[in-house]
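Coordinates in review
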Amino acid sequence: VQLQACGGGLVQAGGFLRLSCVFSGSIIGLYNVGWYRQAPGEQRDLVASISSDGGNKDYLDSVKGRFVISKDNAKNTAYLQMNSLKPEDTAVYYCHAHHVITRKDSWGRGTQVTVSS
């Protein structure tokens, strides 16, 4: 599978962005999907995840109530809606896919999110 993430950019604090992760070469329904982020000098952290059937969603405590992960099987795309953005949300965001049968992990290229104060 190939993952193409997009939707990052520069936004003021309090603003919003929607990240998209387009799957190609395989079906999104076979994967648990996660969005990670990594700020300069920091480790890569899991921000949000959604199970392959869409039934389970988990969030980093600091984004609960502000971010929403979702996916559209028909479009083979996962999303991360980010609202009420804060400067501390600034990071490169990565899409991750974990195949539920083969257990193989795949990463997309990151997309930069910058939140100005």
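Counting starts from 1 at the beginning of each chain's written sequence and moves along it residue by residue. Where local features are concerned, this predicted model is filtered to residues with pLDDT of at least 70; where side-chain atom pairs are given and counted, the filter is 80 or more; whole-chain, interface and lining totals use all residues. Just so you know, side-chain values use all the structure's heavy atoms and leave hydrogens and water out.

**Let's talk about the pairing of strand 8 (residues 77–82)**
To sort residues, take the accessible area from a 1.4 Å probe on protein chains only and compare it with the maximum for the residue type: under 20% means buried, over 50% means exposed, and anything in between is partly exposed. We count a stretch as a helix when DSSP gives it H or I for four or more residues in a row; a strand needs E for two or more, and each element gets its number in order from the N terminus. Burial analysis of strand 8 places five of its six residues in the buried class, the great majority of the element. Looking at chain direction, strand 7 (residues 67–72) and strand 8 are connected through six bridges and run antiparallel. Bridge pairing links V68 to Q81 in strand 8. A pair of strands is treated as paired once DSSP finds two or more bridges between them. Once strand 7 ends, the chain turns through four residues before running back antiparallel as strand 8, passing N76 with a positive phi of about 55°.

**Some details on the sheet that holds strand 7**
By way of backbone hydrogen bonds, the strands of a sheet pair with one another, either parallel or antiparallel. If you walk across this open sheet you meet the four strands as 1-3-8-7, and the pairing is antiparallel. Edge positions in the sheet fall to strand 1 (2–6) and strand 7, since each of these pairs with one other strand and no more. With direction set aside, neighbouring strand axes in the sheet form an average angle of 15°. Pairing geometry for strand 1 and strand 3 (residues 17–24), over five bridges, is antiparallel. By the bridge assignment, Q2 is partnered in strand 3 with S24. In this analysis, axes come from line fits to C-alpha atoms, helices being fitted only over the stretch in contact, and the angle between any two N-to-C directions falls in the range 0 to 180 degrees.

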